[in-house]
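# An overview of the molecular structure
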Amino acid sequence: MLEQTSNKALNVLLLAGGVGGAKAAEGLAKTSHNVRVLGNIADDQEFHGLWVSPDIDTLVYSLANAIDRNQGWGLSGESHRVLERLKKLGADTWMSLGDLDFATHIYRTQARKEGVSASDIAASIAQSFGVKTPILLPTNDVVQTQVETSEGWLSFQEYFVKKRCQPDVKAIRFQGIEQAKPTPEALIAIAEADVIVFAPSNPIVSISPILSVAGIREAIQQSSARKVAVSPFIAGKTVKGPADKMMASAGVDDGLLGVAQLYQGLVDDLVIDTQDSALIDSLTQMKYGVLSRNILMQSLAQKQTLMADVVNFASSKLDTRLQVAG
C-alpha cells in the first residue's frame, strides 16, 4: 500500500455505477477519507408500476453489507414469492426483483408521487439501511439509457437483463439528458473534492450519463481536484458487464486504451491491472499518470487496499502540484 498522504483525510468524490462502482464505494468507505458517492441513475426503469433504481440500490445495499454477494445485486437472503405470483398472473417477470427489494421500490414510487425529489428519496433509503456515506445523484430529472441493437432500440435493462447483452450494440443514447439539470449537492461535492475517483464502472453507460448532465463535466474539468480512474478492464476483458461490447459504439478502441481515449482531457491518472502493464508507455504518452496494481476487488480487504492506494497515488500528485505552485 502506498504510504504517502495516507494519514491525511481528504475530500474524495467517487463517480460510480454498477457492481464495480459499488465495490469501489465499499473500499473507500473503509478508509479515513471523507467520501461522497455520485451514482448513476440512467439505468432507472419502471417495473410492475414501480420505479426501480438499480445502481443506486446496489450502492446502498453494498455499503450496508446487505447485498447478495453471489450475484452482486439485490438483497441477501431474498425470496421471490411476489414475482412468482406475478408470473402466474401473466406478468412479464424477466427483471428479477426480490420480496424485500419490492419494499424499496414501493417506497420510492410512493415518495415520487408525493413530489419528493429523487435525491431525498435516495438519502432516506440509505439512512434506513444505516449507510453513513452520502450517496448523491447527478440530477433529479429522469434520464434513461437506451441501446440501439439489431433488434431496434432497447432500454438498458432490456438489453442487459432480458437480452443478456447478446445483441450487437450500434449506438447509445440518454433519453431526457437535454432537459436534465444537475443537483446542487453534486456540484458542491465536485467543488469541494480534493480527489475525484472514476470507479471501474462501464464508462459508456455508467459514467457517461453522469458526465452528460449539464454542468457536471464542466465542473469536474474546472475543479482543482486530482482526477483518477480505475480501469474496468483486466487483460482486455471486463470483470462484469457489457463494456467490452459497447466501446466500438463510442468510436474508441476496445479495452483499456478505449477507456483512456474516453477520459483523455478530463482524467489525470489511470490505475490499471498489472496484467496490462505493457500499455503503460502508451498511456504515459497520452499524458496519464499510471499506477499498476492488482485491481480485482474480491474481498473487503482488497477493496480497501486498492482504493486507499488509488487515493494516495492521486493525492501525491496533488501535493506535488501544490508544492510547485507554492
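Read on for an overview of the structure.

### A closer look at the environment of Pro203
By the secondary structure assignment, Pro203 is in helix α8 (residues 203–212). Among the residues examined, Pro203 registers a relative accessible area of 4% and is labelled buried. For the pair Pro203 and Val147, spaced 56 residues apart in sequence, the C-alpha separation works out to 14 Å. In this view, Pro203 contacts Ser208, Pro232, Ala243, Met247, Val259, Leu262 and Tyr263; residues no more than four positions away in its chain are not counted.

### Some details on the pairing of strand β7 (residues 152–155)
Two elements, strand β6 (residues 144–149) and β7, share four bridges in a ladder whose sense is antiparallel. Directly across from Val147, in β7, lies its bridge partner Leu154. Adjacent in sequence and paired antiparallel, β6 and β7 are bridged by two residues.

### Topic: helix α2 (residues 54–63)
Counting buried residues along α2, 10 of its 10 residues qualify, which places the element largely inside the surrounding structure. Of the positions making up α2, those classed as buried are Pro54, Asp55, Ile56, Asp57, Thr58, Leu59, Val60, Tyr61, Ser62 and Leu63. In the segment just after α2, Asn65 is the residue with positive phi, at about 55 degrees.

### Quick look at the packing of aromatic side chains
The tally for this structure, following the rule as stated, stands at four aromatic pairs. A cation over an aromatic ring shows up here: Arg173 above the ring of Trp153, its NZ or CZ 3.7 Å from the ring centre.

### What to know about the pattern of salt bridges
As enumerated under the stated definition, the model contains 10 salt bridges in all. The closest approach of N and O atoms between Glu26 and Lys303, which form a salt bridge, is 2.9 Å. Placement of the pair is Glu26 in helix α1 (residues 18–29) and Lys303 in helix α13 (residues 300–325), with a sequence separation of 277 residues. The salt bridge partner of Asp92 is Lys162, with a shortest N-O separation of 3.7 Å. Of this pair, Asp92 sits in the loop between α3 (81–88) and α4 (99–113) while Lys162 sits in helix α6 (residues 156–162); the two residues are 70 residues apart in sequence, bridging distant segments of the chain. Take Lys162: its relative accessible area is 40%, and that puts it in the partly exposed class. Each of Arg226, Asp268, Asp269 and Lys317 takes part in one network of salt bridges that share partners.

### Examining the environment of Val239
You can see Val239 is positioned in the loop between β12 (237–238) and α10 (243–246). Once residues within four sequence positions are removed from consideration, Val239 is found in contact with Pro232, Ile234 and Leu296.

### Focus: unusual backbone geometry
The backbone of His48 sits at a positive phi, close to 55 degrees, despite the residue not being glycine. Relative to the elements of secondary structure, His48 occurs in the loop between β3 (45–47) and β4 (50–52). Exposure remark for His48: the relative accessible area of 33% places this residue in the partly exposed category. One non-glycine residue, Arg164, lies in positive phi territory at about 55 degrees.

### A word on the nonpolar core
If you look at the biggest cluster of nonpolar residues, it comprises 92 residues, and the most contacted ones within it are Leu14, Leu15, Ile196, Val197, Phe198 and Ile220. Here this core gets six residues from one element, more than from any other, and that element is α13. Residues in contact with Ile196, not counting those within four places in the same chain, are Leu13, Leu15, Ile190, Ile220, Ser223, Ala225, Arg226, Lys227 and Val228.

### A short note on the sheet that holds strand β1 (residues 11–16)
Pairing within the open sheet is parallel, and its seven strands lie in the order β5-β2-β1-β9-β10-β13-β14. Single-partner strands in this sheet number two, and they are β5 (135–136) and β14 (289–293). When β1 meets strand β9 (residues 195–198), the two strands line up parallel, connected through four bridges. When the sheet's bridge partners are listed, Leu13 is paired in β9 with Ile196.

Rules used in this analysis
Residues numbered from 1 in each chain as written. Predicted model: local features only at pLDDT ≥ 70, side-chain atom pairs only at ≥ 80, totals over all residues. Heavy atoms only, no water. Helix = DSSP H or I, 4+ residues; strand = E, 2+ residues; numbered from the N terminus. Buried < 20%, exposed > 50% of the residue type's maximum accessible area, 1.4 Å probe, protein only. Contact = heavy atoms within 4.5 Å. Pairing = 2+ DSSP bridges. Phe/Tyr/Trp six-rings, centres within 6.5 Å; stacked < 30°, edge-to-face > 60°. Lys NZ or Arg CZ within 6 Å of the ring centre and 35° of its normal. Salt bridge = Lys/Arg side-chain N within 4 Å of Asp/Glu carboxyl O. Core = buried A, V, L, I, M, F, W, Y, C linked by side-chain atoms within 4.5 Å.

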